[in-house]
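Each chain is listed here by its residues.
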Amino acid sequence: MSEQLADNISLKKKLQKAERRKKIEALGLISPLFFVMLVFFFIPIALMLYRSIDNSQMPAALPQTADIIQQWSGEGLPDEATYAAIVGDMRIANEEKKLGMVGRRLNFDLVGYYSLLSKTGRKIDEIKGPPYKEALINFDKKWGDTRYWTVMERGLKDKTLLYLLAAMDLKYDENNKIVKVPEYEAIYISIISRTVYISISITILCLILGFPIAYYMANSPPRTRNLLMIILLLVFWTSLLVRTLSWILVLQNNGVVNNFLMFSGIINQPLELVFNRFGVYVAMTHVLLPFMVLPLYSVMRSIPADYVRAARSLGAKSITAFIRVYLPQTLPGIGAGALMVFIQALGYYITPALVGGPRDQMVSYFVAFFVNERVNWSMASSLGVVLLILTGSLYLMFGKKVNIANMKLG
Amino acid sequence: MSNQEFHVSFKNVQKSYDGKILVVKDLNLDIEKGKFVTMLGPSGSGKTTCLMMLAGFESATSGEILFNGKPINKIPPHKRGIGMVFQNYALFPHMSVGENLAFPLQVRKIAKPEVEVMVKNALDMVQMVDFIDRYPGQLSGGQKQRIALARALVFNPELVLMDEPLGALDKQLREQMQYEIKHIHERLGVSVVYVTHDQAEALTMSDQIAVFNDGIIQQLASPEDLYERPENSFIAQFIGENNQLRGVIEKIDKNIALVALEGGKKVSALMVDVKDIGENTILSIRPERVIIKPRASNSTDIDGKVLELIYLGDHIRCRMMVAGNDEFIVKMPNSSNHAQLKVGEEIGISWEKEDCRALKP
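Worth saying up front: this structure is predicted, and the values here are computed from it rather than measured.

Colleague: Talk me through the overall build of chain B; I want residue IDs and the actual numbers.
Modeller: The helix and strand inventory of chain B stands at eight helices and 20 strands. Each principal axis of the C-alpha atoms in chain B carries an extent, and together these give about 75 × 45 × 35 Å. In chain B, which comprises 361 residues, the proportion classed as buried is 49%. Taking the intrachain contacts of chain B between residues at least 6 apart in sequence as the baseline, contacts between residues at least 24 apart amount to 66%. Computed over 42 positive and 47 negative side-chain charges, the inter-centroid distance for chain B is 3 Å.

Colleague: Hey, could you go over the pattern of salt bridges for me, with residue numbers and the actual values?
Modeller: Under the counting rule described, the total for this entry stands at 26 salt bridges over all chains. Of the charged contacts in the structure, one is a salt bridge between B:R289 and B:E228, with a shortest N-O distance of 3.1 Å. A residue pair is termed long-range when its members are at least 10 positions apart, and B:R289 in the loop between β14 (280-285) and β15 (291-293) and B:E228 in helix α7 (residues 223-228) qualify at 61 residues. Judged by its relative accessible area of 28%, B:E228 falls in the partly exposed class. What you see here is one network of salt bridges that share partners, running through A:D306, A:R309, B:K15 and B:E58.

Colleague: Can you break down the domain arrangement of chain A residue by residue, with the values?
Modeller: Splitting chain A by domain gives domain 1 (57-160) and domain 2 (188-406). Between domain 1 of chain A and domain 2 of chain A, the C-alpha centre-to-centre distance is 51 Å.

Colleague: Could you give me a rundown of unusual backbone geometry, with the residues and numbers involved?
Modeller: All names here are of chain B. Phi at D26 takes a positive value of approximately 50°, unusual for a residue other than glycine. Backbone geometry at N156 places phi at a positive 55°, although glycine is not the residue there. Relative to the elements of secondary structure, N156 occurs in the loop between α4 (141-153) and β7 (159-163).

Colleague: An account of the interface of chain A and chain B is needed here, citing residue identities and associated values.
Modeller: Where interface size is given, it is often the accessible area lost as the parts come together that is meant. Contact residues are listed per partner, giving 16 residues for chain A and 23 residues for chain B. Overall, the association of chain A and chain B removes approximately 1800 Å² of surface from exposure, summing both partners, and the carbon and sulfur fraction of that is 66%. Three residues, A:R309, A:L314 and A:R324, lead the burial of chain A against chain B; their summed loss comes to 38% of the area buried on that side. Seen at the junction of chain A and chain B, the total is one salt bridge. The salt bridge partner of B:E58 is A:R309, with a shortest N-O separation of 4.0 Å. Counting the contacts that link chain A with chain B gives four residue pairs in polar contact (both at pLDDT 80 or more).

Colleague: Mind laying out the side chain of B:N232, listing which residues take part and the relevant values?
Modeller: Residue and element names in this part refer to chain B. Secondary-structure assignment places N232 in the loop between α7 and α8 (233-238). On the basis of relative accessibility, which here comes to 16%, the residue N232 falls in the buried class. Here the side chain of N232 touches F234 through a polar contact of 3.1 Å, landing on its backbone nitrogen. Here I235 takes part through its backbone nitrogen, which lies 2.9 Å from a polar atom of the side chain of N232. Excluding its chain neighbours within four sequence positions, the residues that come into contact with N232 are Q218, D273 and L359.

Colleague: Would you mind going over the sheet that holds strand β6 (residues 82-85) of chain B in detail, with residue names and values included?
Modeller: Residues and elements named next belong to chain B. One open sheet accounts for six strands, arranged β6-β7-β8-β3-β9-β10; its pairing is mixed. Bordering the open sheet on either side are β6 and β10 (216-221), each of which pairs with just one other strand. The average angle at which neighbouring strand axes cross in this sheet is 20°, direction not considered. In terms of strand pairing, β6 meets β7 through four bridges, oriented parallel.

Colleague: Describe empty space enclosed by the protein, naming the residues involved and giving the relevant values.
Modeller: Residues and elements named next belong to chain A. What the rule picks out here adds up to two cavities of 30 Å³ or more. Its boundaries defined by the atoms lining it, the largest cavity holds a volume of some 90 Å³. As for the largest cavity, its lining consists of N55, M58, R105, L106, D109, R154, G155, T160, L162, Y163 and Y172. At three residues, the largest contribution of residues to the lining of the largest cavity is made by helix α5 (residues 99-109). Taken together, the residues of the lining of the largest cavity break down into five nonpolar, three polar and three charged.

Colleague: Summarise the layout of surface pockets; cite the residues concerned and give the values.
Modeller: All names here are of chain A. Within this model, the largest pocket holds a volume of roughly 1100 Å³. Looking at the lining of the largest pocket, the elements that each hand over two or more residues are α5, α8 (146-155), α9 (162-167), β1 (170-172), α18 (363-372) and α19 (377-401). Per-element accounting of the lining of the largest pocket gives the leading share, six residues, to α5. Here the residues of the lining of the largest pocket sort into 20 nonpolar, five polar and 13 charged. Both domains that meet at the lining of the largest pocket, namely domain 1 (57-160) and domain 2 (188-406), each give it at least three residues.

Colleague: Please set out the nonpolar core residue by residue, giving values where relevant.
Modeller: For soluble globular proteins, the rule of thumb is that nonpolar side chains tend to be buried together. Formed by 113 residues in total, the largest nonpolar core has its most connected members in A:M284, A:L288, B:F10, B:L54, B:F92, B:F103 and B:L161. Here the element with the most residues in this core is helix α14 (residues 277-301) of chain A; it accounts for 14 residues. Aside from chain neighbours lying at most four places away, what touches B:F103 is A:A311, A:L314, A:A316, A:R324, A:V325, B:F92 and B:M95. Core analysis: the second largest hydrophobic core is formed by 30 residues, A:V102, A:A135, A:Y148 and A:W149 among them.

Colleague: Can you tell me about the sheet that holds strand β19 (residues 346-350) of chain B, naming the residues and giving the values?
Modeller: Residues and elements named next belong to chain B. Here five strands make up an open sheet; going across it, the order is β15-β19-β16-β17-β18 and the pairing antiparallel. The sheet is open, and its two edges are formed by β15 and β18 (325-333), each paired on a single side. For this sheet, the mean inter-axis angle between neighbouring strands, taken without regard to orientation, is 45°. Pairing of strand β17 (residues 315-322) with β18 involves seven bridges; the strand directions are antiparallel. Counted as the bridge partner of R319 is I329 from β18.

Colleague: Please give an account of the packing of aromatic side chains that cites residues and values.
Modeller: Residue and element names in this part refer to chain A. Applying the stated criterion across every chain yields a total of 17 aromatic pairs over all chains. Residues F41 and F42 carry aromatic rings whose centres are separated by 5.3 Å and whose planes lie at 75° to one another, so their mutual orientation is edge-to-face. Owing to a relative accessible area of 40%, F41 belongs among the partly exposed residues under this scheme. Taking the centre distance of 4.8 Å and the plane angle of 40° together, the rings of F108 and Y163 count as tilted. Pair noted here: F108 is in helix α5 and Y163 is in helix α9, with a separation of 55 residues, a long-range link. What makes Y163 buried here is its relative accessible area of 2%. Taken together, the ring pairs connect F211, Y215, F322 and Y326 into an aromatic cluster. Over the aromatic face of W377 sits the side chain of R51, whose NZ or CZ is 5.2 Å from the ring centroid.

Colleague: Break down the domain arrangement of chain B for me, citing the residues and quoting the values.
Modeller: Residues and elements named next belong to chain B. Parsing chain B into structural domains produces domain 1 (3-233) and domain 2 (241-288 + 298-359). When each unit is reduced to the centre of its C-alpha atoms, the spacing between domain 1 and domain 2 is 39 Å. The partner domain 2 presents seven residues to the eight residues of domain 1 that form the contact. Taken together, the two surfaces of domain 1 and domain 2 that pack against each other cover about 670 Å², and 44% of this comes from carbon and sulfur. When the buried surface of domain 1 facing domain 2 is broken down by residue, Y227, P230 and S233 rank first, second and third, together holding 66% of it. In this structure, the connection of domain 1 to domain 2 is made through four residue pairs in polar contact (both at pLDDT 80 or more). When residues of the side of domain 1 that touches domain 2 are assigned to their parent elements, the largest contribution, three residues, is made by α7. Its residues placed into classes, the side of domain 1 that touches domain 2 shows three nonpolar, two polar and three charged.

Cut-offs used in this document
- Residues numbered from 1 in each chain as written.
- Chains lettered and ligands numbered in written order.
- Predicted model: local features only at pLDDT ≥ 70, side-chain atom pairs only at ≥ 80, totals over all residues.
- Heavy atoms only, no water.
- Helix = DSSP H or I, 4+ residues; strand = E, 2+ residues; numbered from the N terminus.
- Buried < 20%, exposed > 50% of the residue type's maximum accessible area, 1.4 Å probe, protein only.
- Contact = heavy atoms within 4.5 Å.
- Lys, Arg positive; Asp, Glu negative; His and termini not counted.
- Charge placed at Lys NZ, Arg CZ, Asp CG, Glu CD.
- Salt bridge = Lys/Arg side-chain N within 4 Å of Asp/Glu carboxyl O.
- Domains from an automatic or database assignment.
- Buried area = accessible area lost by both parts, 1.4 Å probe.
- Polar contact = N/O pair within 3.5 Å; in protein donor to acceptor, adjacent residues only side chain to side chain.
- Pairing = 2+ DSSP bridges.
- Axes fitted to C-alpha atoms, helices over the stretch in contact; angles between N-to-C directions.
- 1 Å grid on protein atoms, 1.4 Å probe; cavity = no way out; pocket = protein on both sides within 12 Å on 5 of 7 lines; lining within 4 Å.
- Points joined across faces, edges and corners; volume = space filled by probe spheres on them.
- Nonpolar A, V, L, I, M, F, W, Y, C, P; charged D, E, K, R; others polar.
- Core = buried A, V, L, I, M, F, W, Y, C linked by side-chain atoms within 4.5 Å.
- Phe/Tyr/Trp six-rings, centres within 6.5 Å; stacked < 30°, edge-to-face > 60°.
- Lys NZ or Arg CZ within 6 Å of the ring centre and 35° of its normal.

Here it is in structure tokens:
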């Protein structure tokens, strides 16, 4: 018995030894791609996501205050030392032109902070102390308001959840508790759910339109099949921007569709076909359709006609044969196609921005908005984090329903 | 016999896929109830097309197919009630063995308890009851074959079609399955239409064999008749091994012709589809029907030169040069007193004149 066991162990070792070369070769083959992905993809993404909670530039800008405010109990106003520290810090920060950044970030938590800091910073030489406490409160009574100090204390920590909370329509209240923002301020939840809703709708539209095309392609002779494939891939031959803009030409008030409908007397005044949700659906479905058709087509190609024939010969009507025999075998293709379309749709930016109205913008639009216009990277990456978590959890939920390992991507 | 007594009849059936070439030309075939009929032929001979027309997956371009005396050209496949076994089994991969077998019963709206009994019985028939919960992907080729067979039979069809069902199996398993299918057929009494290109399989299993070539049935006969009495040179060549000698008919005496072979030697042969003196003919002789003699002794005997000897255990294959044909094969049974031949030896051979069939070239 033990001899056999020993034999087994040595066999295992021999096998490992024999397989080692192969393993090293395999690693060698994937390592360039792995390295490129790591350096140019995973690390930047991780850094970007980290920005959503990173707050280290704040304690760096006001180092003494950040240090001393930790001792503040949160009740009443801080002591003289803290006031002295903030005046010192502001003097330096003002010279280093960092006060604007600090003001902007604190203003995000409490409106009014930006103007308070810039005003104080401009006239910092007029504030003479000690005691700095009284001097500051005399200068602007906001310095005597505990709310401002609570925000300051929160805002000078190394990390902050402020932006992530904001991306989910949450905030801190005066007692440092996490609460929902009032309804009139809440926008992100509705933007995110709109994004998901549009993406699901596009996925369903692509499936409805793509399934028959894929079926026809898979069951037609090679010539027809190639022609259809070229027509389908034609979408990729022009830039996304041109394709989207051409939809505006087609769908606008005096565009091709409206002109035709008016000319043929079906309608009297142009229909609103673009710069609304309808335009977004049309343009996005058009662009994303190939991603549904290709995996479906490749799965359908691999299903022999004999299965449906067998079902028919066994007594099933063609519709029964389709539903019970053909459709279940296309599920891996449907899964792969739906996933590709859905995930791409979630991140769409340029198409809704061009052909959608203000109420059709998706999360990516706001990411771009915060980066380009507000220079608020924390907020942009927080929206990214929320989107990523959402996509990930949908993927996992979906993966439990349809075995992901079974899916065929192209 | 009137039409009513045939289970299946093809009447002047033609089939063309492209409107130019006829894949099936004027097919007439009657199948009796309970018979095992094989459509045998090389690939592209139209046999599978015939089967597909019978199953309803292809429509006849012209002509009529009768099933139980009624034309079925316009009946969709699912209403024909014909079981079918496909070449690659076509077991539904997403259903277990039990679900596969229950499928034809469920679509017929048979009650659940009854379905269970019928599925069990069908699996019992092919000795696969233990595999009811397995999926097709977990079965070997032979096991899949049995399940496919059980599925085609589970709803008690009167007619079962089989399209090269054993093509993907290895030789040993194939032979075993041949007997099994044969026995199941005998036990159930269903009519079977079987398509194959393997003539040994056709001979083993069938009551009747329809040999297809070039879109028409060359001969419809029992295995024995087909082998012993081929009606034309295609059948003679296609079924079993055959020696062919070319010659011209010199004299006719009732149904026996005297044929002058290349090189001038004259032999007697049974006339099959040749008619006139002076006609060119091909003589066909089975290798095992050739008799070896020490030396040519009478006029119908001819000489041959031994070119090659191959020892095959139960028999010895001898390749000879006979009347200008150097591929003339003689099979000698390996009995205790068989002739001892040497390569290069000149010997006399002969045959019964009924074994030598004069056919149109």
